[in-house]
Amino acid sequence: MRLENRIALITGAGRGIGRAVAEHYGREGARVAVADLDYSTAQEVAEHINSAGGSAMALAMDVTDEQAVERGVNSVVEAWGGLDIVLANAGIQHIAPLDQLSFNHWRQVMSVHLDGAFLLTRSALQAMYAKGGGTILYMGSVHSLEASPLKAPYVAAKHGMLGLCRAVAKEGAEHGVRSNIICPGFVRTPLVDKQIPEQAQALGISEEDVISKVMLKNTVDGEFTTLADVSELAVYLAAFPSAALTGQSIVVSHGWHMQ
Ligand code: NAD
């Protein structure tokens, strides 16, 4: 097992990509704190990991709430004695053209991704510096590296997460902390399923065309990236044995974006 005895915390882990990573970490021997705004889904995932022979706890955590993030990180450190891996994964999407985007929606998307990533990073670094190191991972996106129409706050926030990741790699190095950002293409989760009809309406095309002509158009094979693809990369980055791999964005997107 590649993550034996490691202690991990994942935000937005009640469903979708976060859930897949939490379960994969559990199978690889990590103790996993499953954090989500929706506590009932976090509990379900933690129970699933425990019943499969792993070790997990559920945390109620709104990543935009400073106290909730600090409380969550502290409770993991108190219960399990440290924190080795965190993944800032919680995310939302809002589809709208820029000229009609409300300030409220702009702030919501920026806050979940960027405030959330900052607050988790700060608390995690305090715990990791105290123990001599750790790994901070971010769930970025191909949209950390390029743009699409109708997703301005998401694109801006995901680019911001790349900057935060690089800053953490620079500052964290002397404390043994590595930082990397995972950049997936489209993965079929509730976040993506919701935006298919929204984009179809905004662009005046069918849902099938949103999938084939917008989402998967630039892939090499017309395939969605899978939960397994992303969680395998999250395990690889968490398990990587040295600081040779830090400050990097790793794209997993069927060739949609090549860097
Ligand atoms: P999802 O909607 O299936 O899951 C998101 C989870 O985050 C939910 O469980 C939700 O309750 C939680 N969440 C939302 N706001 C929160 C908050 N304020 N505090 C704590 N938890 C909160 O989405 P997903 O597709 O699994 O996306 C997970 C991450 O992966 C996001 O950061 C997303 O931007 C990123 N991503 C997704 C795709 C994709 O195609 N699905 C591609 C690239 C990147």
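Nothing here was measured: the structure is a model prediction, and the numbers come from that model.

Considerations on the overall build of the chain
Right, on to step 1. Within the chain, the secondary structure is distributed over eight helices and seven strands.
Right, on to step 2. Expected size for 259 residues packed as a compact globule is a radius of gyration near 18 Å; at 18 Å, the chain falls within 12% of this value.
Right, on to step 3. With respect to the three principal axes, the spread of C-alpha positions in the chain is 55 × 35 × 35 Å.
Right, on to step 4. Every one of the 259 residues in the chain was classed for burial, and the buried ones make up 52%.

Notes on the packing of helix α1 (residues 16-27) against helix α2 (residues 39-51)
Right, on to step 1. Running from N to C, α1 and α2 point in directions that differ by 25°, and their axes come no closer than 10 Å. Looking at the two axes, α1 sits roughly parallel to α2. Of the two elements, α1 crosses α2, and the hand of that crossing is right-handed. Contact with α1, carried on its side by R19, A22, E23 and G26, involves E44, V45, H48 and I49 of α2 and no other residues of that element.
Right, on to step 2. Its residues assigned to classes, the contact of α1 with α2 comprises three nonpolar, two polar and three charged.

Comments concerning the sheet that holds strand β6 (residues 177-184)
Sheet strands pair via backbone hydrogen bonds, and the direction of the pair is either parallel or antiparallel.
Right, on to step 1. The strand order β3-β2-β1-β4-β5-β6-β7 describes an open sheet built from seven strands, whose pairing is parallel. Since the sheet does not close on itself, it has two edges, and those belong to β3 (55-60) and β7 (248-252), each with one partner. Across the sheet, the axes of successive neighbouring strands diverge by a mean angle of 20°, strand direction being ignored.
Right, on to step 2. Pairing analysis gives five bridges linking β6 to β7, with the strands arranged parallel.

Let's talk about the site of the ligand
Right, on to step 1. R15, D36, Y154, V187 and T189 are the nearest of the 28 residues found near the ligand.
Right, on to step 2. With respect to the ligand, the side chain of R15 contributes an N or O atom lying 2.7 Å from an oxygen atom.
Right, on to step 3. Between the ligand and T189 there is a distance of 2.4 Å, counted from an oxygen atom to a side-chain nitrogen or oxygen.
Right, on to step 4. Notes on the ligand: free accessible area 830 Å², of which the protein chains cover 94%.
Right, on to step 5. If you tally residues by element for the shell around the ligand, the top one is helix α6 (residues 190-203), at three residues.

Topic: unusual backbone geometry
Keep in mind that most residues, glycine aside, have a negative phi and that most peptide bonds are trans.
Right, on to step 1. Residue N5 is not a glycine yet carries a positive backbone phi of 65°.
Right, on to step 2. Among the secondary structure elements, N5 is positioned in the segment before β1 (7-10).
Right, on to step 3. For N5, a relative accessible area of 59% corresponds to the exposed category.

So, α2
Right, on to step 1. With 13 residues, α2 should reach 18 Å at 1.5 Å per residue; the first-to-last C-alpha distance of 18 Å fits that figure.
Right, on to step 2. Among the residues making up α2, those that are buried are T41, A42, V45, A46 and I49. Axial view of α2: buried residues confined to an arc of 135°, hence all on one face. Summarising the geometry of α2, the exposed residues directed more than 90 degrees from the buried face are E47 and S51.
Right, on to step 3. Buried residues along α2 sit in contact with α1, β2 (31-36) and β3.
Right, on to step 4. Positive phi shows up at G53, right after α2, with a value of about 100°.

Topic: helix α8 (residues 227-239)
Right, on to step 1. The first and last C-alpha atoms of α8 sit 18 Å apart over 13 residues, in line with the 18 Å expected at 1.5 Å per residue.
Right, on to step 2. Buried within α8 we find V230, S231, L233, A234, V235, L237 and A238.
Right, on to step 3. Contacts from the buried residues of α8 go to α1, β4 (85-88), β5 (134-139), β6 and β7.

Calculation rules
- Sequence order sets the numbering: in each chain, residues are counted from 1 along the sequence as written.
- Only residues with pLDDT of 70 or above have their local features reported here, since the model is predicted, and side-chain atom pairs are shown and tallied only from 80 upward, although totals for entire chains, interfaces and linings are computed over all residues.
- Just so you know, side-chain values use all the structure's heavy atoms and leave hydrogens and water out.
- What counts as a helix is a DSSP run of H or I of at least four residues, what counts as a strand is a run of E of at least two, and both are numbered from the N terminus.
- Computation of the radius of gyration draws on C-alpha atoms alone. For the globule rule, the value is 2.2 Å times the number of residues to the power 0.38.
- Between buried and exposed lies partly exposed: a residue is buried under 20% and exposed over 50% of the maximum accessible area for its type, with that area taken using a 1.4 Å probe on protein chains only.
- Here an axis means a line fitted to C-alpha atoms, over the contact stretch when the element is a helix, while the angle between two N-to-C directions is reported on a 0 to 180 degree scale.
- Roughly parallel means an angle under 35 degrees; roughly antiparallel, over 145; roughly perpendicular, 65 to 115; everything else is oblique.
- It is the rotation of the near helix from the far one that decides the hand of a crossing: anticlockwise by less than a right angle makes it left-handed, clockwise makes it right-handed.
- It only takes one pair of heavy atoms within 4.5 Å for two residues to be counted as in contact.
- Three residue categories are used. Nonpolar comprises Ala, Val, Leu, Ile, Met, Phe, Trp, Tyr, Cys and Pro, charged comprises Asp, Glu, Lys and Arg, and polar comprises the others, including Gly.
- Two strands pair under a simple rule: DSSP has to find at least two bridges between them.
- Being near a molecule or strand, for a residue, means having at least one of its heavy atoms within 4 Å of it.
- A 3.5 Å cut-off defines polar contacts: any pair of N or O atoms within that distance qualifies, except that in protein one atom must be a possible hydrogen donor and the other a possible acceptor, and neighbouring residues in sequence count only when both atoms are side-chain atoms.
- Calculation of accessible area relied on Shrake-Rupley with a 1.4 Å probe; when residues are assessed, cover is drawn exclusively from the protein chains displayed.
- An expected span of 1.5 Å times one less than the residue number is assigned to each helix.
- Think of the arc as the fan of directions from the helix axis to the C-beta atoms.

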